[in-house]
Amino acid sequence: MLKHKKEAKEAIFKIFLKSKGLNYTCERKFVLREILEATKKNEHFSVDNIFKRMLLKKKRVSKSALYKTMPLLEDCNLIKKTNIAEDHYIYEKTGKHNIGHLVCLTCKQIIEINKNTIKDHIDQICAKKSFKIESHTFEIKGRCFNCLKRK
Ligand SMILES: [Zn+2]
């Protein structure tokens, strides 16, 4: 089943690239596979994380190729980008049931806020104001337990 899902995502990316007149190159394939591996485990990752992981696996992808591939994966809705601090972006898979993040400003750790915990409350507020939600980002910035302990 998981393998099937992975192939489906590869197909989505291939079709997307074709529609843009782009090829499914080896570099793009390596990037996609590394990202699918990260998203399978529900990870949050930065471009640097992915670059380091590919280096360890001796996958030859230039950083510039990686930086060019990320927006393509975003455009075809396989991943989404969140800005968690100035010039610091993380990616995660789309369609997850989280509503936002707790972001540690010291170690950049990301903790997900589960949708179920506050969704009802947000729905209630919006219903009261007759406000239709189109999208939301919800970032709570602070210090995580480990970073507080270290001080
Ligand atoms: Zn921290």
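Our structure's up above, just so we're on the same page.
These notes cover the structure that comes with them. (Residues numbered from 1 in each chain as written. Predicted model: local features only at pLDDT ≥ 70, side-chain atom pairs only at ≥ 80, totals over all residues.)

## Looking at the packing of helix 3 (residues 47-56) against helix 4 (residues 63-75)
Two quantities define a packed helix pair, namely the angle between the axes and the distance from one axis to the other.
Consideration 1: Following both chains from N to C, one finds helix 3 and helix 4 inclined at 130°, their axes separated by 11 Å at the closest point. Compared by their axis directions, helix 3 and helix 4 come out oblique. Crossing of helix 3 over helix 4 shows right-handed handedness. For the pair helix 3 and helix 4, contact is made by V47, I50 and F51 and by K63, L66, Y67 and M70, respectively.
Consideration 2: Each residue belonging to the contact of helix 3 with helix 4 can be placed in one class, and the counts come to six nonpolar, no polar and one charged. (Axes fitted to C-alpha atoms, helices over the stretch in contact; angles between N-to-C directions. Helix = DSSP H or I, 4+ residues; strand = E, 2+ residues; numbered from the N terminus. Parallel < 35°, antiparallel > 145°, perpendicular 65-115°, else oblique. Left-handed = near helix turned anticlockwise from the far one by under 90°. Contact = placed C-beta atoms within 7 Å. Nonpolar A, V, L, I, M, F, W, Y, C, P; charged D, E, K, R; others polar.)

## Looking at helix 5 (residues 115-128)
Consideration 1: For helix 5, spanning 14 residues, the distance from its first C-alpha to its last is 19 Å, which sits close to the expected 20 Å at 1.5 Å a residue.
Consideration 2: Burial analysis of helix 5 places just zero of its 14 residues in the buried class, which makes it a mostly uncovered element.
Consideration 3: Looking one or two residues beyond helix 5, the residue adopting positive phi is S130, at roughly 50°. (Expected span 1.5 Å × (residues − 1). Buried ≥ 20, exposed ≤ 12 C-beta atoms within 10 Å, placed from the backbone.)

## A closer look at the packing of helix 2 (residues 26-40) against helix 4
Consideration 1: Between helix 2 and helix 4, the shortest axis-to-axis distance is 10 Å and the interhelical angle comes to 65°. Note that helix 2 runs across helix 4; the crossing there is right-handed. On helix 4, the residues that touch E27, R28, V31, L32 and I35 of helix 2 are A65, L66, T69 and L73.
Consideration 2: Partitioning the contact of helix 2 with helix 4 into residue classes produces six nonpolar, one polar and two charged.

## Observations regarding the environment of E139
Consideration 1: Inspection of the secondary structure puts E139 in strand 5 (residues 139-142).
Consideration 2: Accessibility expressed as a C-beta count within 10 Å gives 14 for E139, which makes it partly exposed.
Consideration 3: Excluding anything up to four places from it in sequence, E139 contacts I84, G100, H101 and V103.

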